[in-house]
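Breakdown of the fold
Here is how the chains run, residue by residue.
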Amino acid sequence: MSCIRSEIIGWGHYLPKKVLTNDDLSKMVDTNDEWISTRTGIKSRHISEGETTADMSIKAADAALKQAELTIKDIDVIIVGTLTPDNTTPATAAKIGGIMGVNPGTPTFDIAAACSGFVYALTMADNMIRLGQVKTALVIGAETLSKIVDWTDRNTCVLFGDGAGAVVLKAREGEGTSADTGILATKLYSDGTQYNNLYVSGGVSTTATAGFVVMNGKEVFKFAVGSLSEAAENVMNQCGVNAEQIDWLLPHQANIRIIEGVGHKLGLPDEKVIVTVDHHGNTSAASIPLALSESLEAGKIKKGDLVVLSAMGAGFTWGGVLVRI
Ligand SMILES: CC(C)(COP(=O)(O)OP(=O)(O)OC[C@H]1O[C@@H](n2cnc3c(N)ncnc32)[C@H](O)[C@@H]1OP(=O)(O)O)[C@@H](O)C(=O)NCCC(=O)NCCS
């Protein structure tokens, strides 16, 4: 039965110039490349020097619009997944729309779902497109995590990085089968009882400060493998797709051991798993669109490939998207 699909017709990403290596970090806190590499798979991350979440988002969005051969005037909604907005209010999406010159009246909003922010944002955009409310969407995941990392805490400061990724979605008629291009299935979850295992210690109504990342690493690790696998399996099952039919698993890039654990749980060979955590670190809501855009640009992920996106983060939140490029 024919249906409306949200097709990814453009993608782009932006990483700030400054690269912070594990050796650089070993001069700042009591750590070393060997510990960070073996526990996390991270070798380096990019750090913003004055560029805000909106600044980086605009660079990623410009690239995505160029790829899509559209302008900002063609965009019907802007949704940004971020936990590091430029201001408490308005939404970073509104600021981005204002600077880029989106048509007046176009809806713009941010999604607060931490590292699952992009998957949540993509799902909301897909829902709006399938309902016929919009025909095009600019969906961004962007973070300036360096601003909320305690650079004296070796437990957390080695893990995170900055950056932005964006995609342009466009409504397209599909056949209603898993052979369609575009988003084929989505699934979102959360469990607020896990609130204390991963959070940022500030907030408007509590401390009136931005705060710093606080994490119970072992609990996050345990939950991550199961939830990332659950989300991926759910969207594959919705479409009756098995592991052999998947071209790429693109999980949230937090830790190589989590990524490998999810790949093994799903029965996917390492060659089918996208890894960028080594040179991006954990960029929260930016991690999936950064990895997606980089892999598409490099020709690794190709037109027609079936990709399962899977994210997990503070809340806890988690979710999956099955998409044929
Ligand atoms: C954080 C994480 C890498 C820690 O790895 P781990 O294997 O659990 O580490 P362990 O608990 O075995 O080891 C911790 C020890 O290393 C030390 N340590 C912590 N960070 C260190 C660092 N950067 N360098 C050197 N030593 C460090 C700790 O102080 C602790 O020492 P102690 O045993 O003397 O107290 C891991 O738990 C993890 O990746 N968790 C998930 C984090 C995540 O993905 N968060 C975001 C999700 S969106």
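Given the structure is predicted, the values throughout are model-derived calculations rather than measurements. (Residues numbered from 1 in each chain as written. Predicted model: local features only at pLDDT ≥ 70, side-chain atom pairs only at ≥ 80, totals over all residues.)

**Things to note about the sheet that holds strand 7 (residues 162-174)**
If you walk across this open sheet you meet the five strands as 1-7-6-4-5, and the pairing is mixed. Taken across any chain shown, the strands that pair with only one partner, and hence form the sheet edges, are strand 1 (3-14) and strand 5 (108-111). Direction aside, neighbouring strands of the sheet carry axes that sit 20° apart on average. Bridging between strand 1 and strand 7 involves 11 bridges; their strand directions are antiparallel. When the bridges of strand 7 are listed, G10 appears paired with V168. Contacts between helix 3 (residues 53-68) and the sheet are confined to strand 1, strand 4 (78-81), strand 6 (136-144) and strand 7, with strand 1 contributing the most and set at about 120° to the helix. Lying on the sheet, helix 5 (residues 117-130) is in contact with strand 1, strand 4, strand 5, strand 6 and strand 7; it crosses strand 6 at an angle near 170°. (Pairing = 2+ DSSP bridges. Helix = DSSP H or I, 4+ residues; strand = E, 2+ residues; numbered from the N terminus. Axes fitted to C-alpha atoms, helices over the stretch in contact; angles between N-to-C directions. Contact = placed C-beta atoms within 7 Å.)

**Focus on the sheet that holds strand 13 (residues 317-324)**
The strand order 8-13-12-11 describes an open sheet built from four strands, whose pairing is mixed. A strand with exactly one partner marks an edge of an open sheet, and here the two such strands are strand 8 (182-190) and strand 11 (248-251). In this sheet, neighbouring strand axes are inclined to one another by 10° on average, regardless of whether the strands run parallel or antiparallel. In this sheet, strand 12 (residues 306-313) lies alongside strand 11 in parallel orientation, the contact comprising four bridges. Across the sheet, the residue bridging to L249 is V308, located in strand 12. Sheet strands in contact with helix 7 (residues 217-238) are strand 8, strand 11, strand 12 and strand 13, and its direction is about 35° off that of strand 13. This element, helix 8 (residues 256-266), spans strand 11 and strand 12 of the sheet and lies at about 140° to strand 11.

**Considerations on the domain arrangement of the protein chain**
Taken as a whole, the protein chain is organised into domain 1 (3-174) and domain 2 (182-324). Taking the mean C-alpha position of each, domain 1 and domain 2 sit 14 Å from one another. If you look at the interface, domain 1 gives 49 residues, while domain 2 gives 46 residues. Sorting the residues of the side of domain 1 that touches domain 2 by element identifies strand 1, strand 3 (44-47), helix 5, strand 6, helix 6 (154-157) and strand 7 as the ones contributing at least two each. Residue contributions to the side of domain 1 that touches domain 2 peak at eight residues, all from strand 7. Split into classes, the residues belonging to the side of domain 1 that touches domain 2 amount to 20 nonpolar, 19 polar and 10 charged. (Domains from an automatic or database assignment. Nonpolar A, V, L, I, M, F, W, Y, C, P; charged D, E, K, R; others polar.)

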